[in-house]
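Architecture and fold: a report
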Amino acid sequence: MDSNEKVLREAARVYDSTGGNADGIGRELDLVGHSALLEQLQVHFQELPQDLCERVRAIRAPNDCISVLLLGNHSAGKSSFINWYVGEKVQTTSVAMETAGVTLVRRGKKRTQWRGKMTLGNFPALERLGRLPGLCDHIVTEFSTSEKNAFRSLELIDTPGLVDGNVRYPFDVDAAMDELAKEASLVIVFLDPIGKALVGRCMKAVERLSTMHHSKMHYVLSKMDTVADAHDRQTVVSQVAQELQSRVKGTHALKILQIYLPEKAGEGVGLKSKQEKTRTQAPNQLLDVVDLLRRTVDSRAQEVVVRALEDCKSLRDLGEKLLVYNQTRNSHNRGVKALQVLLWLVLLGVSLAGGYWVLLHLIKTDPLLLCVSESGRTIHFTHSHSGEKVTERIEARRYMPCTFMRMYSGVPSVSILTILFITILHNILFKVKRLNQLTPENIRNLRSMLKHVETKMVPSAKSWRKILQTDSVTDHD
């Protein structure tokens, strides 16, 4: 296992420890599970930075290998190239339309095949693709044990050849290509130079995909050994280049590779003798395509390491902000609770005052006469004791009810007390609200997640970076 393959496989496991299983066992211990936890907790914290929330929400498990989408017109040599690159006949090749569906070619422990539901169920990245009507019955995965070239780290995706006319496909080919291109790291367009390179349907697909995935697009003129001489080859290349320039975005960097498969060399049209075959031998950039795939694997492995470190940082930043904002809300809620208690006490006092005033009003009693004598200092309290009336004199300043009598007896109307009652109740119910907080269990899970990211995930990503550095940089004395 080389460094790129090791990094890709370990990264896929760290992001999704369940291996794509629906039961989700172990999901809380991977980056996708941490992302789901934070997405659940951040719902009630609208003050969180939205760009950070979006970065966390966008965390997805990378594929354990690099997806390369091959598309082109019918009989353009896609399947033949896959067989040559893998070093094994995994795809049927002929003039007829053999590839009527989507075929994923991957490395496996043995030569075997997975059909529709097995393929869609084991590769989460294909979830949206599986929703296309008719596709489930026309998608397979071919596993090969080959270790040729960079196949161990690649997933080659063969698609139906595109033709003009009334040909009907069993599913929406354009929609399928759009979905596959989103997941692919590289899109290689195969064009047949013998009268089929400019198939309208193929060119429309190229135009559409280049708009969305310009940096992924690469173009190959296959079977160039079938063109008789250099002048004809140059004419074909010029025609294809002009057509692509009218459709493809950013054509200043357009490069068209001319290839043919070595074992099929010499099958060209119009080559009548061995001498002429040698004289008109076409240049072959097949190794450039091989190098392109290798460089894509290298760069993708580096991107996965950088992305893993960035995702860990995003998870850590958002988790820490959640704890800080939760602490702020906790302090706010404690203040709210204290204020609510105070307002309820004031409300109780206002209610008692209103009730007391109403009571005195109903019995038509002046409260001042109950507490104030002519000198304004004593209370004359008469009551019965053993059948006799007894009058007592109590100093008003020592008699608490009289304090309240003086405080409230001068209220001219119960309406003022009613206004105070409504105002205070409104503040309690609407103005002073408690904010949502994390539960103790949420806080424990959040702290556990932060610890796991810091002690497990970040060191793992740094170790992958070290592996790539060790594999690429030579030690100097």
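Quantities reported herein were computed from a predicted structural model and do not represent experimental measurements.

This part is about the packing of aromatic side chains. Applying the stated criterion across every chain yields a total of 5 aromatic pairs. Judged by centre distance (5.5 Å) and plane angle (50 degrees), the ring pair of Phe 81 and Phe 190 falls under tilted. Of the two residues, Phe 81 sits in helix H4 (residues 78-86) while Phe 190 sits in strand S6 (residues 186-191), which places them 109 residues apart along the sequence. The exposure classification of Phe 81 matches that of Phe 190, with both residues buried. An angle of 75 degrees between the planes, with centres 4.8 Å apart, marks the rings of Trp 114 and Phe 143 as edge-to-face. Placement of the pair is Trp 114 in strand S3 (residues 112-114) and Phe 143 in strand S4 (residues 139-144), with a sequence separation of 29 residues. Residue classification places Phe 143 among the buried positions, given a relative accessible area of 9%. The rings of Phe 81, Trp 84, Tyr 85 and Phe 190 are connected pair by pair, giving a single aromatic cluster. We note Lys 148 situated over the ring of Trp 84; from NZ or CZ to the ring centre the distance is 4.8 Å. A cation over a ring is seen here: Arg 329 above Phe 45, with NZ or CZ 4.2 Å from the ring centre.

Regions with low pLDDT should not have their predicted coordinates read in detail. For the chain, mean pLDDT is 79; residues scoring 70 or higher make up 74% of the total. Within the model, pLDDT remains below 50 along residues 21-26, and this stretch shows 4 contacts once partners closer than five positions in the same chain are excluded. Across residues 396-400, confidence stays below pLDDT 50; counting only partners more than four residues off in sequence or on other chains, it has 9 contacts.

Right, let's get into the pattern of salt bridges. Under the definition given, this model contains 28 salt bridges. A salt bridge links Glu 39 to Arg 57; the shortest N-O distance between them is 3.7 Å. Of this pair, Glu 39 sits in helix H2 (residues 31-41) while Arg 57 sits in helix H3 (residues 50-57), and the two are 18 residues apart along the sequence. With a relative accessible area of 34%, Glu 39 lands in the partly exposed category. Of the charged contacts in the structure, one is a salt bridge between Lys 313 and Asp 317, with a shortest N-O distance of 2.8 Å. Taken together, the residues span about one helical turn, with Lys 313 and Asp 317 both in helix H10 (residues 286-362) at a distance of 4 residues.

As a further point, take unusual backbone geometry. Positive phi, close to 55 degrees, is recorded for Asn 149, a residue that is not glycine. In the Ramachandran plot, Lys 223 falls in the positive-phi region, its phi being about 55 degrees despite a non-glycine side chain. Looking at the element boundaries, Lys 223 is found in the loop between strand S7 (217-221) and helix H8 (230-245).

The next point concerns H8. Its 16 residues place the ends of H8 22 Å apart at the C-alpha level, agreeing with the 22 Å of an ideal helix rising 1.5 Å per residue. Looking at the packing, one finds that the buried side of H8 touches S6, helix H7 (200-212), S7 and strand S8 (256-258).

Looking now at the pairing of S7. Counting buried positions over the 5 residues of S7 gives 4, a clear majority of the element. Bridge count for S6 against S7 is 5 bridges, and the pairing is parallel. Each residue of the ladder has a partner; that of Val 187, found in S7, is Met 217. Taken together, the 3 bridges between S7 and S8 define a ladder with parallel strand orientation. From the neighbouring strand, Tyr 219 faces S8, where its bridge partner is Ile 256.

With that settled, consider the packing of helix H6 (residues 173-183) against H7. For any two helices packed against each other, one specifies the inter-axial angle together with the distance between the axes. Close contact between H6 and H7 brings their axes to 11 Å; oriented N to C, the two are set at 35 degrees. Crossing angle aside, the handedness with which H6 passes H7 is right-handed. Across from Asp 174, Met 177, Asp 178 and Ala 181 in H6, the residues of H7 making contact are Arg 201, Arg 208, Leu 209 and Met 212.

Along the polypeptide, Ser 222 turns up in the loop between S7 and H8. Only 2.3 Å separates the side chain of Ser 222 from the backbone oxygen of Ala 76, close enough to count as a polar contact.

An α-helix turns once per 3.6 residues; consequently, residues spaced three or four apart project the same way. Along its 13 residues, helix H1 (residues 3-15) runs 18 Å from first to last C-alpha, staying within 8% of the 18 Å computed at 1.5 Å per residue. Residues Ser 3, Asn 4, Glu 5, Val 7, Leu 8, Ala 11, Ala 12, Val 14 and Tyr 15 constitute the buried set of H1.

Right, let's talk about the sheet that holds S4 for a bit. Paired through backbone hydrogen bonds, the strands of a sheet run either parallel or antiparallel to each other. The strand order S3-S4-S2-S5-S1-S6-S7-S8 describes an open sheet built from 8 strands, whose pairing is mixed. The open sheet has two edge strands, S3 and S8, and neither has a second partner. Geometrically, the sheet is characterised by an average inter-axis angle of 25 degrees between neighbouring strands, direction not taken into account. Across the sheet, H4 is in contact with strand S1 (66-72), strand S2 (102-107), S4, strand S5 (154-158) and S6; its angle to S5 comes to roughly 160 degrees. Each of S1, S6 and S7 is contacted by H7, which is oriented at about 155 degrees to S7, the strand it contacts most.

This brings us to the environment of Arg 60. Counting through the fold element by element, Arg 60 comes out in the loop between H3 and S1. Between the alpha carbons of Arg 60 and Asp 16 there is a distance of 8.5 Å; along the sequence they are 44 residues apart. Setting aside anything within four residues of it in sequence, one finds Arg 60 in contact with Tyr 15, Val 32, Ala 125, Arg 128, Glu 183 and Arg 307.

Rules used in this analysis
Along each chain, numbering runs from 1 in the same order as the chain's sequence is written. Per-residue local features are limited, in this predicted model, to residues with pLDDT of at least 70; the limit for side-chain atom pairs, both in listing and counting, is 80 or more; totals at the level of whole chains, interfaces and linings are taken over all residues. Water and hydrogen atoms were dropped before computing side-chain values, which therefore reflect all heavy atoms in the structure. Only rings of Phe, Tyr and Trp enter the pairing, Trp through its six-membered ring, and a pair is recorded when the two centres are within 6.5 Å. The plane angle decides the type: under 30 degrees is stacked, over 60 is edge-to-face, the rest tilted. Only DSSP runs of H or I covering at least 4 residues are called helices, and only runs of E covering at least 2 are called strands; the numbering of each starts at the N terminus. Buried, partly exposed and exposed residues are distinguished by accessible area as a fraction of the type maximum, computed with a 1.4 Å probe on protein chains only: under 20%, between the cut-offs, and over 50%, respectively. Should the NZ of a Lys or the CZ of an Arg lie within 6 Å of a ring centre and within 35 degrees of the ring normal, that charge is described as sitting over the ring. Each residue gets a pLDDT score, which is the predictor's confidence in that residue and runs from 0 to 100. Residue contacts are counted whenever heavy atoms from the two residues lie within 4.5 Å of one another. Salt bridges are identified by distance alone: a Lys or Arg side-chain nitrogen within 4 Å of an Asp or Glu carboxyl oxygen. Every helix has an expected span of 1.5 Å times one less than the residues it contains. DSSP-based pairing: two strands are paired if at least 2 bridges between them are found. To obtain an axis, a line is fitted to C-alpha atoms, over the contacting stretch when the element is a helix, and the angle between two such axes runs from 0 to 180 degrees between their N-to-C directions. We call a crossing left-handed when the near helix sits turned anticlockwise from the far one by less than a right angle, and right-handed when that turn is clockwise. Pairs of N or O atoms are called polar contacts if they sit within 3.5 Å, as long as, within protein, a hydrogen donor faces a hydrogen acceptor (for residues adjacent in sequence, only side-chain-to-side-chain pairs).

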